[in-house]
Amino acid sequence: MRAEPQASPYRPDPQIARLSDWIADPVRPAQFPRHQLRFRNDRWAATVGLSSLTDDEWVRHFGYFDALPGNLPEPLALRYHGHQFRNYNPELGDGRGFLFAQMRDAGGRLLDLGTKGSGQTPWSRQGDGRLTLKGAVREILATEMLEALGTNTSKSFSVIETGEELWRGDEPSPTRSAVLVRLSHGHIRIGTFQRLAALRKPEEMEQLVAYCLENFLGPMPPEDAPGRDEPAVILLHQVVERLADLAASYMVAGFVHGVLNSDNMNISGESFDYGPWRWLPQWDTSFTAAYFDHSGLYSFGRQGEAIHWNCGQLAVALRQLAETEPLVFALERFGGLFQEALVRRFLWRLGVEPRGFDADLALLAAAEQHMHGAGLGPDTLFFDHRGGRNPPAGEFGVLLAHYQPTGSQGDDLWSEATPPALVIDEVEKIWAAIDAQDDWSLLTGKVTAIRKLGQALGEAPVAPGHFA
């Protein structure tokens, strides 16, 4: 069974303040006409000592953005550059969000509270700085489901409806507005390094590397790695390990992020910023989530390639501090780490014991062929054959029959008629009930069911350099 997040007292630690002169701009939150609390994540609020807040106190901090005690005195909109669909953009930065606070959890991790939809900043680029309520609901669903399926993801911490009418070209307008607060393990992006490289700021780059190594702890590079004692090289090895595991977790979850730009890559390896995401209705490596992804650059089957390419952009930025050879060595580890993570996570979700890497890789390949041929999605495959039960006809079934289940498979979830899933039709149904009748019961029920799935699956296997 999965342990609940561990409670901790409130321990403010605004570490970002020492970099704030060059990494961010102080901003003021928007003044909203209404503040109606729609979602508070007390499971994760307990990890940073905030679950005891009353609803009124919660709204003051996460709707009006009154500063938390001992924390950042004013919000910070972070600066960064990035490649968007492989096109470099130097005009990026937090355009409708900011970093609000930093705290330590029970394990000593530095956690950030950041926003989406909190108003305009110097980086808004003609945007209104707002978030639709539908976008906030979708982010709740995405983060809850990914957490259940073992992906290292930001947590939807708070949603407050704000009473404005928003106009959007990609959904019926006017539509309702909200401000979202995320709990994340850091907000340092690959694009943060790209900005410093483009501006030729090696001293600031050294400070940022030191900040990341101090606050996003990971293992040392392999013994045979060249330059393994250099801070920039150590950091790249850790980021490659984390992001290879993240890419594998998307594949095993059957999840398509949709917009894997370098400014959307957190160097902690944590997935975040959910826009046009989708879960696969059936196995299809060409499936895309974003209607504007005409070339399929971020299609389901190319997510590993996209994330590896982004790691390459971090390596290019770090050339200001390190030689090429040790950085290339770190990058070349991605493929092997990705395969290892795929196998590790696949067996975990299937609920079977490993039999050796080659045999396990063959099982994974046969499962992909089975899903493709039968028109199945990953949710159905893992549900129908949890613990190796009901081996189907064909190569996958033959191989599966040799596997032993891991621990107890007695959870009543596996006896239900259909697998827990989050395909787009259900997402739209949940939103329609909120939009038309202000009925939040479907969302509440779905979050409960998703958390039950997480409990049944248990803890995902932790990769090297990965924070649980």
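Here, every reference points to the structure presented above.
Treat the numbers as computed from the prediction; the structure is a model and nothing was measured.

Draft legend 1. Expanded view of empty space enclosed by the protein. Tallied over the entire structure, the rule returns one cavity of 30 Å³ or more. Put simply, the largest cavity is a space of about 70 Å³. Around the largest cavity sit R349, D379, F382, F383, W414, P419, P420, L453 and L457, which together line it. Breaking the lining of the largest cavity down by element, the ones donating at least two residues are α12 (378–384) and α15 (441–457). Ranked by residue count, the leading element in the lining of the largest cavity is α12, at three residues. For the lining of the largest cavity, the class distribution of residues is seven nonpolar, no polar and two charged.

Draft legend 2. View of the state of the cysteines. By the definition in use, this model includes zero disulfides. In this structure C212 is not part of a disulfide, and its nearest cysteine sulfur, from C311, lies 14 Å away.

Draft legend 3. The packing of aromatic side chains, seen in detail. Summed over all chains, the structure comprises 19 aromatic pairs. Aromatic side chains F62 and F100 sit 6.1 Å apart centroid to centroid with 75° between the ring planes, which places their arrangement in the edge-to-face category. Of this pair, F62 sits in helix α3 (residues 55–62) while F100 sits in strand β6 (residues 99–104), placing them 38 residues apart in sequence. Taken together, the ring pairs connect W58, F62, F65, F98, F100 and F157 into an aromatic cluster. Looking at R60, its charged tip hangs above the ring of Y64, at a distance of 4.0 Å from the centre. Directly above the ring of W277 sits R138, whose terminal nitrogen or CZ lies 4.5 Å from the centroid.

What counts, and at which threshold
Residues numbered from 1 in each chain as written. Predicted model: local features only at pLDDT ≥ 70, side-chain atom pairs only at ≥ 80, totals over all residues. Heavy atoms only, no water. 1 Å grid on protein atoms, 1.4 Å probe; cavity = no way out; pocket = protein on both sides within 12 Å on 5 of 7 lines; lining within 4 Å. Points joined across faces, edges and corners; volume = space filled by probe spheres on them. Helix = DSSP H or I, 4+ residues; strand = E, 2+ residues; numbered from the N terminus. Nonpolar A, V, L, I, M, F, W, Y, C, P; charged D, E, K, R; others polar. Disulfide = S-S within 2.5 Å. Phe/Tyr/Trp six-rings, centres within 6.5 Å; stacked < 30°, edge-to-face > 60°. Lys NZ or Arg CZ within 6 Å of the ring centre and 35° of its normal.

All quantities given are derived from atomic positions and should not be read as evidence of function.
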